[in-house]
Amino acid sequence: MSTSTKTAASAAARSTGRSAAPARYSERVRAERRLGWLLAGPAFVVMLAVTAYPILQAAYDSLFNYRLTAPGERSFVGLGNYGVILTDDLFWRDLGVTVLITVVTVLVELVLGFALALVMHKALKSVRGLLRTAILVPYGIITVVSAFAWFYAFDINSGYVNNWFGWLPGIDQDLNWFADTGTALFVIIASEIWKTTPFISLLLLAGLAQVPDELNEAALVDGATWWERMRRVILPNMKAAIMVAVLFRALDAFRIFDNVFIMTGGAYGTEVLSLLAYRTSIGRLEIGLGSAVSVVLFICVLLICFIAIKLFKVDLAGARGGKS
Amino acid sequence: MPVDQQHRPRARHRAVAALASAALLLTGCAAEAGPPVLTWYINPDAGGQAAIAAKCTEAAGGRYRIETSLLPNDAASQREQLARRLAAGDSSLDIMSLDPPFIPELAEPDFLAPVPEDVAQRTTENVVDGALAGARWDGELVTVPFWANTQLLWYRKSVAEAAGLDMSQPVTWNQLIEAAADQDKYLGVQGALAESMTVWVNALVESAGGQIILNPEAPADQIELGLDSEAGTKAAQIISTIGKEGLGGPGLPTQNENDSMILFQGDKGSFMVNWPFVWPATKAAVEDGSLPKPLLEDIGWTLYPRVEDGQPAAPPLGGINLGVGAASEHPELAFEAIECIVSPENQADYFVTNGNPPSSTEAYEDPRIQEAFPMADTIRESLELSAPRPQTPYYNEVSTGVQQNWAPPRAVNPSGTPQATVNFILAVLRGEELL
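None of the values given here were measured: they were computed from a predicted structure.

Visitor: Describe the sheet that holds strand β8 (residues 186-188) of chain B, listing the residues and the values that go with them.
Guide: Residue and element names in this part refer to chain B. The strand order across the open sheet formed by four strands is β8-β9-β7-β10, and the pairing between neighbours is mixed. Lying at the two open borders of the sheet, with one neighbouring strand each, are β8 and β10 (299-302). The average undirected angle you get between the axes of adjacent strands in this sheet is 20 degrees. Pairing between strand β7 (residues 152-156) and strand β9 (residues 269-274): four bridges, direction antiparallel. Looking across to β9, one finds that Leu-153 is bridged to Val-273.

Visitor: I'd like a description of the packing of helix α9 (residues 195-207) of chain B against helix α18 (residues 395-406) of chain B, backed by residues and values.
Guide: Residues and elements named next belong to chain B. It is the contact of α9 with α18, at a shortest axis distance of 8 Å, that shows an interaxial angle of 90 degrees. Judged by the inter-axis angle, α9 sits roughly perpendicular to α18. Contacts between α9 and α18 involve Glu-195, Met-197, Thr-198 and Val-201 from the former and Ser-399, Val-402, Gln-403 and Trp-406 from the latter. Partitioning the contact of α9 with α18 into residue classes produces four nonpolar, three polar and one charged.

Visitor: Hey, could you go over the domain arrangement of chain B for me, with residue numbers and the actual values?
Guide: Residues and elements named next belong to chain B. Taken domain by domain, chain B holds domain 1 (37-142 + 318-385) and domain 2 (150-316 + 391-429). Taken together, the contacts link 21 residues of domain 1 with 22 residues of domain 2. For the side of domain 1 that touches domain 2, the secondary-structure elements that each account for two or more residues are α3 (75-87), α4 (103-107) and α17 (376-385). No other element matches the six residues that α17 contributes to the side of domain 1 that touches domain 2.

Visitor: Before we move on, can you summarise the interface of chain B and chain A with the specific residues and values?
Guide: Contacts between the two partners involve 22 residues from chain B, matched on the other side by 25 residues from chain A. Among the elements of the structure, α3, α11 (257-265) and α18 of chain B are those that each provide at least two residues to the side of chain B that touches chain A. Broken down by class, the residue content of the side of chain B that touches chain A amounts to 11 nonpolar, four polar and seven charged.

Visitor: Can you tell me about the pairing of strand β3 (residues 95-98) of chain B, naming the residues and giving the values?
Guide: Residue and element names in this part refer to chain B. Neither face of β3 is left uncovered, since the one carrying Ile-95 and Ser-97 and the one carrying Met-96 and Leu-98 both have all their residues buried. For strand β1 (residues 37-42) and β3, the ladder comprises two bridges, and the chain directions are parallel. Paired with Tyr-41 across the two strands is Met-96, which belongs to β3. Pairing analysis gives three bridges linking β3 to strand β11 (residues 317-323), with the strands arranged antiparallel. In the strand pairing of β11, Ser-97 is matched with Leu-322.

Calculation rules
- Residues numbered from 1 in each chain as written.
- Chains lettered and ligands numbered in written order.
- Predicted model: local features only at pLDDT ≥ 70, side-chain atom pairs only at ≥ 80, totals over all residues.
- Pairing = 2+ DSSP bridges.
- Helix = DSSP H or I, 4+ residues; strand = E, 2+ residues; numbered from the N terminus.
- Axes fitted to C-alpha atoms, helices over the stretch in contact; angles between N-to-C directions.
- Parallel < 35°, antiparallel > 145°, perpendicular 65-115°, else oblique.
- Contact = placed C-beta atoms within 7 Å.
- Nonpolar A, V, L, I, M, F, W, Y, C, P; charged D, E, K, R; others polar.
- Domains from an automatic or database assignment.
- Buried ≥ 20, exposed ≤ 12 C-beta atoms within 10 Å, placed from the backbone.

Listed below in structure tokens is the structure:
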């Protein structure tokens, strides 16, 4: 936006003559800045009200021992709640499950999503629209609905999966998917992948579209194989898009809630951090302890952002194609 | 001038619009000016509470109107919503259908309006003991008993006969375990990590003469648990045997009340502990043809199984009580409405139409009940024997602690689980561990 502003301003300055240029330039820019603030201001205030305020309130509440049903017994405990959380095995187990789900889903989705993006990119014009719609359908389904669909498909009483896949080793009529950590996590991760691969493939498709055709054609003329073109031309040119896709999905996957809540309720070692925060604040009504879990979750998300942006140098502007 | 001409009609439009909206507001007020509306937060049922609400609205002759508002499906989510609303001082909580174990938590911080003495007296005549205990906290009646639930032992007559069990005599859990193993059938029990697990553990511990909490009215740091006892070990032995020998079927670790009913109705069904809803549900399934007709003839019922041969069982107790929110704007009317709702006639109606048994012994005299529920006398007898779950403001912590240690049943270890549960719950109550 600043680039276009500058261009417009300097064009205006040129047309009105050189001598008045500096004064007109800054006044005009200032006016546009003011307009910018006026336009973005309301949204900014709303964002402050609905995100900054609850975050600060949670950080404040996390310093108290405060139970919603015993408002009179509220007492200041400083960082005591954080001490309880960080020394508890349950927290580390839940963190482990959350990280496992995040890593596995993001990796699988990246590979699958890239394949789908290639298919969408290369598809004939006549089927392109249909193909994109078909691929996007899972992403359009509400997570709770898809979680129930997957739950009932695998449920030992109503499910058909045991019936259909009975020929596979390890699967039979008596397999209760949600009774063990491994099998339950498998269903949760599979459902998550099914649902959000379209999202990642869309981001990657945008990246693919940015790779200049000339480079590809030049490599082709030089006799590069498909794999060489992929590795030397396409992937390096869409690195920014890939990193943004990974970052967005990782942040999303880390905050997973619906699938676990619906399918197992966190039973048998499938609990994730956001479910722990929910059970502590909403289930136990322990506002102080629950807020502390939420703050820890928030810090984890910030850490992921920090690592991605600082260490992997994800350029958020690059993927949008808005940077000149 | 042209500007003015343009503006005048607009101003007129505006005036008309303002009048119109004022009129709308006024009619809105007129609708509000009718009888006061009492909101009744109900747990999901087959429409029985809405029918009673309509009936009592009519009987009130314009003094109040009862509107129902539906709560979430499971008891834990109902509690979450009500507790949050009560803590926030929501004035729409005129009447609430409350699950008894969660009442102390709401009564302790005075979230519930006190029950007037005359109402208390009139609504507690002829109420079964268990339901009355669940309606009290700290020596006072804080809610009004509405319906009372209890689990029976349901059995397939053919299986009991083949196993040589005389079901006219009290049976023990060990007999059932042997019979199911002998006949290669599954027992219908609830092994999921859910409230139903606490219901089962509490019934077993109470049947063995023990208690989960020894001093339920104590503050968090003084609570003493009774699971690490002979009764706790016996309960663990039963649950662990059923889990380890696969007698609950492969679905046991995720089995709730509905799942065990489906198991019981199937080919591997033998014995099941469950609430009376299974009878109308099975009858309806047979009538619409999804289950074979002879099944209904094959189903028998008796009192909950015993843990010890000579000691009567303490069946689980459930049900719903009615409470009034402390912030309600019409508490007198709400209690008047509650008196209407819990009348023995309405309780009998509710049992016949929705399958939820009355808490008033008087309601059982209704001839329609005997016809619809041939097991009504067994239910009443079971209610008299039943033991409530621990009445403590920390019920959620205690119950979740039990569930996390006793589910799945195959992982229960009679020599370790009861003690581990005690240590875990106490650490959570002291605020030293996450739940």
